[in-house]
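As a plain string of letters, each chain reads:
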Amino acid sequence: MTVRNVVRYPARALKGLAGPVGAIGPRERQLADDLVETMYASPGCVGLAAPQLGVPSRAFALDVSVMKKPPPGNHGLIVLFDPELVLTEGSDRKREGCMSVPDYTCDVRRATSVVVRGTTPEGEIRVVEASGFEARAAQHELDHLDGLLILDRVASARTDVFARKRYASEGEHLK
């Protein structure tokens, strides 16, 4: 397992369409481990997609149970290869952040409930029915696989993009 550097916007690796994974072997399981380790090592991170590690493959890790106040009914750690969005319901607009866009948060409209199907690192098909924040996070990671960032999802750059506040604990001095 390796903690890897997260690719940041405007890197080209973030804007391409990730390719299908297909059969799960040792290389894919290593990618899964790297996604999970990097996600858990990154403060405030609840999800990470392969393109964010510079890997153009359709894979992501997600775990909203690590939040200070985890949403009830969440699924804990989810790692999926070749995930697909099967069903969406509802809609709301909320603030999101992204490890690849660390200087901004954005108001993004997303479905409030989703069904996602993909393959686990063990090669099993998994179907996840998620709602609330977990559904939002899953859609965020799926966007990365299609070369989309939160900046691409805002209705207005003027009203929906916000500079992220920095704190001295992040290695910067407060002004």
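As a starting point, this report considers the structure included with it. Note that this is a predicted model, so its numbers are computed, not measured. (Residues numbered from 1 in each chain as written. Predicted model: local features only at pLDDT ≥ 70, side-chain atom pairs only at ≥ 80, totals over all residues. Heavy atoms only, no water.)

### Considerations on the sheet that holds strand 5 (residues 104-110)
Condition: Strands qualify as paired when DSSP identifies two bridges or more between them. The way it works is that DSSP assigns letters per residue, a run of H or I at least four long becomes a helix, a run of E at least two long becomes a strand, and they are numbered from the N terminus. Between N-to-C directions, angles span 0 to 180 degrees; the directions come from axes that are lines fitted to C-alpha atoms, helices contributing only their stretch in contact.
Taken in spatial order, the three strands make up an open sheet running 4-5-8, and their pairing is antiparallel. Looking at strand neighbours, the two that pair on one side only are strand 4 (92-96) and strand 8 (161-163), the edges of this open sheet. Averaged over all pairs of adjacent strands, the angle between their axes in this sheet comes to 25°, without regard to strand direction. Both strand 4 and strand 5 contribute to a ladder of five bridges, which runs antiparallel. Counted as the bridge partner of E96 is C106 from strand 5.

### Brief notes about the packing of aromatic side chains
The description of an aromatic ring pair uses the distance of the two centres, along with the angle that the planes make with each other. Selection rule: Stacked, tilted and edge-to-face pairs are distinguished by plane angle, under 30 degrees for stacked and over 60 for edge-to-face with tilted covering the rest, among Phe, Tyr and Trp rings (Trp via its six-membered ring) whose centres lie within 6.5 Å. Only lysine NZ and arginine CZ atoms are considered, and such an atom sits over a ring when it is within 6 Å of the ring centre and within 35 degrees of the ring normal.
Counting across every chain of the model gives zero aromatic pairs. The residue whose ring lies beneath R95 is F162, and the NZ or CZ to ring-centre distance is 3.6 Å.

### A word on helix 1 (residues 26-41)
To be explicit about the condition: For a helix, the expected span equals 1.5 Å multiplied by the number of residues minus one. Relative accessibility thresholds used throughout: buried, under 20% of the residue-type maximum; exposed, over 50%; partly exposed, between the two (1.4 Å probe, protein chains only). Contacts between residues were defined by any pair of non-hydrogen atoms, one from each residue, lying within 4.5 Å.
With 16 residues, helix 1 should reach 22 Å at 1.5 Å per residue; the first-to-last C-alpha distance of 22 Å fits that figure. Along helix 1, the residues classified as buried are E28, L31, A32, D34, L35, V36, T38 and M39. Here the buried face of helix 1 lies against strand 1 (47-49), strand 2 (59-62) and strand 3 (78-89).

### Structural notes on the environment of V79
Examined against the element boundaries, V79 turns out to sit in strand 3. With a relative accessible area of 9%, V79 lands in the buried category. If near-sequence neighbours (up to four positions away) are discounted, V79 is found in contact with A32, V36, F60, A61, T119, T120 and P121.

### Regarding unusual backbone geometry
That bond from Y9 to P10 is cis: its omega, 15°, falls within 30 degrees of zero. Its place among the elements puts P10 in the segment before helix 1. Phi angles above zero are rare outside glycine, and D82 is one such case at about 50°. Here D82 is to be found in strand 3.

### Quick look at the side chain of D143
So the rule is basically this: Within 3.5 Å is the distance limit for a polar contact, defined as a pair of N or O atoms, with the added protein rule that one can donate a hydrogen and the other accept it, and that residues adjacent in sequence qualify only through two side-chain atoms.
Position of D143 among the secondary structure elements: in helix 2 (residues 132-145). Classification of D143 by relative accessible area gives buried; the value is 7%. A distance of 2.8 Å separates a polar atom in the side chain of D143 from a polar atom in the side chain of R153. Contact partners of D143, with chain neighbours within four places excluded, come to R110, L148 and R153.

### Observations regarding the sheet that holds strand 1
The strand order across the open sheet built from five strands is 1-2-3-6-7, with neighbouring strands paired in antiparallel fashion. Only two strands of the sheet have a single partner each, and these edge strands are strand 1 and strand 7 (125-131). Neighbouring strand axes in the sheet, compared pairwise and without regard to direction, differ in orientation by 35° on average. Contacts from helix 1 reach strand 1, strand 2 and strand 3, with the element oriented near 35° to strand 2.

The values are spatial; any link to function lies outside them.
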